[in-house]
Amino acid sequence: TAVQQLLVQHLSHTSCKPGCLIIYRDGVSDAELESVRQLEVGGFLEACSQLEEGYRPRVVYLVVQKRHNVRFFTADGSNKGNVAPGTVVDHTIVSPWLFDFYLNSHAAIIGTSKAAR
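Quick caveat: nothing in here was measured; it's all calculated off a predicted structure. Sequence order sets the numbering: in each chain, residues are counted from 1 along the sequence as written. In keeping with the predicted nature of the model, local features appear solely for residues at pLDDT of at least 70, side-chain atom pairs appear and are counted solely at 80 or more, and the whole-chain, interface and lining totals rest on all residues. Side-chain descriptors were evaluated using all non-hydrogen atoms of the structure, hydrogens and water having been removed beforehand.

**Q** Any chance you could explain the pairing of strand E1 (residues 20-26) here in plain terms?
**A** Regular strands have side chains that alternate between both faces of the sheet. One bridge is not enough; two strands pair if DSSP finds at least two bridges between them. Helix and strand assignments follow DSSP, with helices taken as H or I runs no shorter than four residues and strands as E runs no shorter than two, numbered in order from the N terminus. Sheet analysis places E1 next to strand E2 (residues 58-64), joined by seven bridges and oriented parallel. Along E2, the bridge assignment pairs Arg-25 with Val-63. Orient the strands so they point away from the viewer, and a crossover whose first-strand-to-second-strand path over the helix runs clockwise is right-handed. Of the crossover connections in this fold, the one passing from E1 over helix H2 (residues 33-51) to the parallel E2 is right-handed.

Structure follows, in structure tokens:
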């Protein structure tokens, strides 16, 4: 698999296996989150065990979503109503079951900025 090829390439360049795999994922709807996570993380771990029996690195699985209708505005209307770059919203409106947050990482030039979830 592609994951195995990347692991072998990493091993050949560094002479060690990664202790942690960080997977960034986009294009997953809320309804698909759990099934996609199970399938993909399972595939990564399977590729690791095929590289070496018992090899199970820590896996961080991040799903980034921009296809949502949530917008944040300043209370006073400053900065054209947009929140400052670097604003994080991690309570009240996020999922109580997931490690969920919104990050507005950029300044909007035109219109309203849209935070990544």
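**Q** Which parts of the structure should I look at to understand the nonpolar core?
**A** It is characteristic of soluble globular proteins that their nonpolar side chains tend to be buried jointly. Each nonpolar core is a collection of buried residues, namely Ala, Val, Leu, Ile, Met, Phe, Trp, Tyr and Cys, held together in the definition by side-chain atoms within 4.5 Å. Three labels apply to residues, based on accessible area from a 1.4 Å probe with only protein chains included: buried if under 20% of the type maximum, exposed if over 50%, partly exposed otherwise in between. Within the largest apolar cluster, seven residues are counted, these being Ile-23, Val-28, Leu-33, Val-36, Val-41, Leu-45 and Tyr-61. Apart from the residues lying within four places of it in its own chain, the contact partners of Ile-23 are Phe-44, Val-59, Val-60, Tyr-61 and Leu-62. Judged by nonpolar contacts, the second largest core, of six residues, contains Phe-72, Val-83, Val-94 and Ala-115. Should any heavy atoms of two residues lie within 4.5 Å, those residues are considered in contact.

**Q** Explain the packing of aromatic side chains here, please?
**A** Think of it this way: a Phe, Tyr or Trp ring, Trp meaning its six-membered ring, pairs with another when their centres are within 6.5 Å, and the plane angle makes it stacked under 30 degrees, edge-to-face over 60, tilted otherwise. Scanning all chains against the criterion turns up two aromatic pairs. The ring of Tyr-55 has Lys-17 lying over it, and the distance from NZ or CZ to the ring centre is 5.4 Å. Remark: a charge is flagged as sitting over a ring if the NZ atom of Lys or the CZ atom of Arg is within 6 Å of the ring centre and within 35 degrees of the ring normal.

**Q** Explanation requested: the environment of Val-41 in the structure shown.
**A** Note on placement: Val-41 falls in helix H2. It is 22 Å that separates the C-alpha atoms of Val-41 and Lys-66, two residues lying 25 residues apart in sequence.

**Q** Even after reading the chapter, I still don't get unusual backbone geometry, so can you show me in this structure?
**A** Among all residues save glycine, negative phi is the norm, and among peptide bonds the norm is trans. One non-glycine residue, Ser-15, lies in positive phi territory at about 65°. Structurally, the position occupied by Ser-15 is in the loop between helix H1 (2-14) and E1. Ser-15 sits in the exposed class, given a relative accessible area of 65%. One non-glycine residue, Thr-92, lies in positive phi territory at about 70°.

**Q** Sorry, what's going on with the side chain of Asp-100 here?
**A** Mapped onto the elements of the fold, Asp-100 is located in the loop between strand E3 (87-89) and strand E4 (102-104). Once residues lying within four places of it in the same chain are set aside, the contact partners of Asp-100 are Asp-90, Val-94, Ser-95 and Arg-117.

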